[in-house]
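The chain contents come next:
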2 protein chains.
Amino acid sequence: MLLERDLIQSSGFRNVREGDRVTGFQLRVRMPSYRGMAASLIDGIAVRVGDLVDVGPEVPLWTLGGRTYTLGELWDGDGVRWPLDEAAVVTVPFEGGLPDGVHEVSIELRLRMSYIPEEHQPSTYRVTRHITLSPDADGGPFKYGVSLYSYMTDFGTVLDLETALAHVADVGATGVEILGEGHIAGYPEPTTEWIDRWFALLDRYGLEPTNYGSWIDTRLHSSGPNARRLSAAEGAAMLQRDLRLAKQLGFRFVRPKIGVVSSDLVPDPIWTESVERSLDLAAELDVVICPEIHSPTPIRHEVVDDYIQLIERTGTKHFGLLLDTGIFQDRPIPLRPGELPGQRPAFLDGIGVDPADIVDIAKYVVFIQAKFHDIDDHLEDQQIPWVPVLQALKDSGYAGYLSSEYEGERTPWRSIEQVRRQHSLIRRIAAGLD
Amino acid sequence: MLLERDLIQSSGFRNVREGDRVTGFQLRVRMPSYRGMAASLIDGIAVRVGDLVDVGPEVPLWTLGGRTYTLGELWDGDGVRWPLDEAAVVTVPFEGGLPDGVHEVSIELRLRMSYIPEEHQPSTYRVTRHITLSPDADGGPFKYGVSLYSYMTDFGTVLDLETALAHVADVGATGVEILGEGHIAGYPEPTTEWIDRWFALLDRYGLEPTNYGSWIDTRLHSSGPNARRLSAAEGAAMLQRDLRLAKQLGFRFVRPKIGVVSSDLVPDPIWTESVERSLDLAAELDVVICPEIHSPTPIRHEVVDDYIQLIERTGTKHFGLLLDTGIFQDRPIPLRPGELPGQRPAFLDGIGVDPADIVDIAKYVVFIQAKFHDIDDHLEDQQIPWVPVLQALKDSGYAGYLSSEYEGERTPWRSIEQVRRQHSLIRRIAAGLD
């Protein structure tokens, strides 16, 4: 398990219940010293949350090694330690708890260092950070998941698999989506040890596998003197390899990302045969193949019509549509430093599909990737209009997963907090829909 | 194992030998996509190193999964993959290899994405970074180690234990120093599983345990209504706990950091009895207790005299001095943003102990912590005068470890490259000493 760099961790910020009463809230704090230490060296932590809470250093309770102590108990005790690799859980009594959303949290943490002259003691650490409470809102008709795609670039550099799954569970999600060649060590042939650990982690964090991302790499052999096109048989073999592996890991949906042959992302014609050859296997495994409708392709498009035609033609129950909410983006992604307008693909300004179009294809939609880019400190999404999108999904009868796909700025650790914001935002909206 | 955030990894940058010829150099590159992929989708990597090397994308060789391929072999092959969690090793033929030191390395990496329109292909990633070659210099009379203290704040957030040890080994170090309560999971009672893994990792990376940092926390119970002073018996028990654990993990030196009672860091008087009570155990375990001479305490100081007196009085071979090279700092650590001169302890400007003083205490010195703060792109240390320090150590007959203690800016991942710079710098100086 790895900790976030900030002393105040965003994961773990939640209200605390005793029976049916909310009695306070908790946050997790990383040890600021270069060492772990005996907990009797803690001289307390003052906590402020916006205008709502302001408590002195002696008030919060400390949970270390799974047991909870008052500051006085830590002072008198022996053997309790705050390890370097384990965040302390700080509990602040606050009747009724905090409201859902982003909060400005400040701490003033005091630690005694025996090796520093007394006139400079205690060592005091003051930090403020905006973090999002694990949402309490009901979440309406939908189920909530997170794609590990959200943690792109963080995964493997600041997050390992267990830490990523812990973050997913901490927002109250029940589903996890992965990319096969990305999150499975040793893909396409993970060891038995890896597979056992995968199921053990799902169990520990209370998560179920949802969708598994795969690729039909049509340009696999398109460079060099021996370049050639991928055949439909090869495309089918790729898809079937992933269907089997996905099933083995407990997934119910497989999204093949299919190579394209045109500027507007028309898939390579081999896709039809590759999929049709795989439908019997999908049925046998009870896994649904679901290519995505992804910006810049709107809902009303020949590509989508072709997908639907395949369903109608074959009568299959094991092929469906995955909707990526990026198609509803109605405000631009900000230009990157040095980037000029017109230098980038126009779809980054948003193709603004009307959520009302969902109803036309609703009966084929099996999974939603809840794509987003930036949710600010006021819990406002800067690109995706969630109210009409979620209303249209509810109206269409969709009751499956909303699986977070954060696709914004890749500052280390940012993805963790952004996913928390999205879950807080969409659960709240979903709970209030007509 | 975790990767550095930059695509160009600093660890793994080294010359390549075939027999006694140096035939080129290698660097490690992180997969820039959000997924791993078949290696036939690689369209090459151009590499430039300062004014020395400039090769086109088809030239470098690729090592993936432990086997090495030309680009043409990757195009024609099948089943070779570049996983998301594994850096590719890129080998550039360059007769004679690169000189030791920091190099400006640029890459232009090309990958084919089947799902992006062909007119935007290949996807091209251009990055430049200053990285340091694993040193080839002999290193003179000294042994080279790294304290995991160097990776403070990175450890547990961007580095796990194995990744940290891999970085240590990659600079050609043979020794590793740890902090007991910091790098041992479950301190003070690590599981058998953890201990087995510790030895397995030492073996895998060819490292020996050197010094183990511990604390005598004299203020353990100095807060609250029941505050009291630590007794010498309690201090001895703390020290002995760490002596035993250090021995169990293979360490030969234990540095107890002792609580202080004055502004100029005079240790709590209990230190003498705590140590004396522990000398028999240290002898039995054959571990040397070695408190540090650390800025702002110079070599000529009553604290050092007291340590030497204990050695002379008891005749012990299991107590010695650890010298922290921070005492030789002769230029200031830069002010932090917003910090004003005079607002911080004066010793941060450097206490500038004359390295010639080493000779007075040389026979008691058993270990060196090679403290440093900043080595620039020209391999110049901004605070520590290594030439006179290393000359004085050599002249005094010291032939033990120089154990890196990076103590500079805590930007994530910076510590890894700074340690590489220090080893390159001090090995080169040491090899050229009179």
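Up top is the structure these notes are about.
It should be emphasised that the depicted structure is a prediction, and the values quoted were computed from it without experimental measurement.

Parameters at a glance
- Residues numbered from 1 in each chain as written.
- Chains lettered and ligands numbered in written order.
- Predicted model: local features only at pLDDT ≥ 70, side-chain atom pairs only at ≥ 80, totals over all residues.
- Heavy atoms only, no water.
- Helix = DSSP H or I, 4+ residues; strand = E, 2+ residues; numbered from the N terminus.
- Rg over C-alpha atoms; globule rule 2.2 N^0.38 Å.
- Buried < 20%, exposed > 50% of the residue type's maximum accessible area, 1.4 Å probe, protein only.
- Contact = heavy atoms within 4.5 Å.
- Areas by Shrake-Rupley, 256 points an atom, 1.4 Å probe, with all protein chains shown as cover.
- Lys, Arg positive; Asp, Glu negative; His and termini not counted.
- Charge placed at Lys NZ, Arg CZ, Asp CG, Glu CD.
- Buried area = accessible area lost by both parts, 1.4 Å probe.
- Salt bridge = Lys/Arg side-chain N within 4 Å of Asp/Glu carboxyl O.
- Pairing = 2+ DSSP bridges.
- Right-handed = clockwise from strand over helix to strand, strands pointing away.
- Axes fitted to C-alpha atoms, helices over the stretch in contact; angles between N-to-C directions.
- Least-squares fit on C-alpha atoms with pLDDT ≥ 70 in both.
- Phe/Tyr/Trp six-rings, centres within 6.5 Å; stacked < 30°, edge-to-face > 60°.
- Lys NZ or Arg CZ within 6 Å of the ring centre and 35° of its normal.
- Parallel < 35°, antiparallel > 145°, perpendicular 65-115°, else oblique.
- Left-handed = near helix turned anticlockwise from the far one by under 90°.
- Nonpolar A, V, L, I, M, F, W, Y, C, P; charged D, E, K, R; others polar.

A look at the overall build of chain A
So, point 1. Broken down by element type, chain A carries eleven helices and 20 strands.
So, point 2. Computed over C-alpha atoms, the radius of gyration of chain A comes to 24 Å, within 12% of the 22 Å expected from 2.2 N^0.38 for 434 residues, which places it in the range of a compact globule.
So, point 3. Across its three principal directions, the C-alpha atoms of chain A cover 75 × 50 × 45 Å.
So, point 4. For chain A, the residues scored as buried account for 62% of the 434 residues in total.
So, point 5. Relative to all contacts within chain A whose residues are 6 or more apart in sequence, the contacts with residues 24 or more apart total 77%.
So, point 6. Summed over all atoms, the accessible surface of chain A reaches about 16,600 Å², with 49% contributed by carbon and sulfur.
So, point 7. Put simply, chain A has 42 plus and 65 minus side-chain charges, and the middle of one group is 2 Å from the middle of the other.

Thoughts on the interface of chain A and chain B
So, point 1. Taken together, the contacts link 66 residues of chain A with 66 residues of chain B.
So, point 2. Interface area, chain A with chain B, both sides summed: about 5,500 Å², of which 52% is carbon and sulfur.
So, point 3. If you sort the residues of chain A by the area they bury against chain B, Arg5(A), Tyr34(A) and Arg219(A) come out on top, with a joint share of 14%.
So, point 4. Applying the counting criterion to the chain A and chain B interface returns ten salt bridges.

Describing the pairing of strand 15 (residues 253–258) of chain B
All names here are of chain B.
So, point 1. With six of its six residues buried, strand 15 lies for the most part within the structure.
So, point 2. The side-chain alternation of strand 15 yields two buried faces, one formed by Phe253, Arg255 and Lys257 and the other by Val254, Pro256 and Ile258.
So, point 3. Pairing of strand 14 (residues 208–216) with strand 15 involves six bridges; the strand directions are parallel. Bridged to Trp215 within strand 15 is Lys257.
So, point 4. With helix 5 (residues 232–248) bridging strand 14 and its parallel neighbour strand 15, the resulting β-α-β unit is right-handed.
So, point 5. Summarising the sheet, strand 15 and strand 16 (residues 288–289) pair through two bridges and their orientation is parallel. The partner of Val254 across the bridge, within strand 16, is Ile289.

Quick word on the sheet that holds strand 4 (residues 42–49) of chain B
Residue and element names in this part refer to chain B.
So, point 1. Read from one edge to the other, the open sheet built from four strands follows the order 5-4-10-11, with strand pairing classed as antiparallel. Each edge of the sheet is formed by a strand with only one pairing partner; in this case those strands are strand 5 (53–55) and strand 11 (123–132). Going across the sheet, the axis of each strand differs from the next one's by a mean of 20°, ignoring polarity.
So, point 2. Examined bridge by bridge, strand 4 and strand 10 (residues 102–111) share six bridges and lie antiparallel to one another. Following the sheet pairing, Arg48 is matched in strand 10 by Ser106.
So, point 3. Running over the sheet, helix 11 (residues 414–431) touches strand 10 and strand 11 and is turned about 45° from strand 11.

Side note on helix 10 (residues 386–395) of chain A
Residues and elements named next belong to chain A.
So, point 1. Among the residues of helix 10, those classed as buried are Trp386, Val389, Leu390, Gln391, Ala392 and Leu393.
So, point 2. Buried positions along helix 10 lie against helix 9 (358–361), strand 19 (365–372), strand 20 (401–406) and helix 11 (414–431).
So, point 3. Once helix 10 finishes, Gly397 follows within two positions and takes phi at roughly 90°, a positive value.

Brief notes about the pairing of strand 19 (residues 365–372) of chain B
The two faces of the sheet receive side chains in turn, since in a regular strand these alternate between them.
Residue and element names in this part refer to chain B.
So, point 1. Taking burial as the measure, the eight residues of strand 19 include seven buried ones, the bulk of the element.
So, point 2. Note: strand 18 (residues 321–324) against strand 19, four bridges, orientation parallel. Each residue of the ladder has a partner; that of Leu322, found in strand 19, is Phe367.
So, point 3. Here strand 19 pairs with strand 20 (residues 401–406) via five bridges, running parallel.

Considerations on the relation of the copies chain A and chain B
So, point 1. Rotating chain A by 180° and moving it 0.0 Å along the rotation axis overlays it on chain B with an RMSD of 0.0 Å. Taken together, the rotation and translation describe the operation of a two-fold axis. Taking C-alpha positions as reference, the residue of chain A nearest the rotation axis is Val158(A), located at 2.4 Å.

Notes on the packing of aromatic side chains
So, point 1. On inspection of all chains with the given rule, the structure shows 31 aromatic pairs over all chains.
So, point 2. Their ring planes at 40° and their centres at 5.5 Å tell us that Phe253(A) and Phe367(A) sit as a pair that is tilted. Within this pair, whereas Phe253(A) is found in strand 15 (residues 253–258), its partner Phe367(A) is found in strand 19, the two being separated by 114 residues in sequence.
So, point 3. The class of Phe253(A) is buried, set by a relative accessible area of 8%.
So, point 4. Ring centres of Tyr307(A) and Phe319(A) lie 6.0 Å apart, and the angle between their planes is 65°; on these two criteria the pair is classed as edge-to-face. Here Tyr307(A), found in helix 8 (residues 302–314), pairs with Phe319(A), found in the loop between helix 8 and strand 18 (321–324); they are twelve residues apart in sequence, far enough to count as distant. With respect to burial, Tyr307(A) and Phe319(A) carry one shared label: buried.
So, point 5. Taken together through their ring pairs, the aromatic side chains of Trp194(A), Trp198(A), Tyr212(A) and Phe251(A) make up a single cluster.
So, point 6. Taking the ring centre of Tyr115(B) as reference, the NZ or CZ of Lys257(A) above it sits at 5.0 Å.
So, point 7. Geometry around Tyr144(B) places Arg427(B) over its ring, the cationic atom sitting 4.5 Å from the centre.

Some thoughts on helix 2 (residues 161–170) of chain A
Residues and elements named next belong to chain A.
So, point 1. The buried fraction of helix 2 amounts to nine of the ten residues, a majority that puts the element mostly inside the structure.
So, point 2. Taken together, the buried positions of helix 2 are occupied by Leu161, Glu162, Thr163, Ala164, Leu165, Ala166, His167, Val168 and Asp170.
So, point 3. The elements touched by buried residues of helix 2 are strand 1 (14–18), strand 12 (143–147), strand 13 (175–179), helix 4 (192–205) and helix 11.
So, point 4. In the segment just after helix 2, Gly172 is the residue with positive phi, at about 85°.

Describing the packing of helix 10 of chain A against helix 11 of chain A
All names here are of chain A.
So, point 1. Their axes nearest at 10 Å, the elements helix 10 and helix 11 cross at an angle of 55°. Taken together, helix 10 and helix 11 sit at an angle that is classed as oblique. The handedness of the crossing between helix 10 and helix 11 comes out as right-handed. On the side of helix 10, the interface is formed by Trp386, Val387 and Leu390, while helix 11 contributes Gln422, Leu425, Ile426, Ile429 and Ala430.
So, point 2. Each residue belonging to the contact of helix 10 with helix 11 can be placed in one class, and the counts come to seven nonpolar, one polar and no charged.

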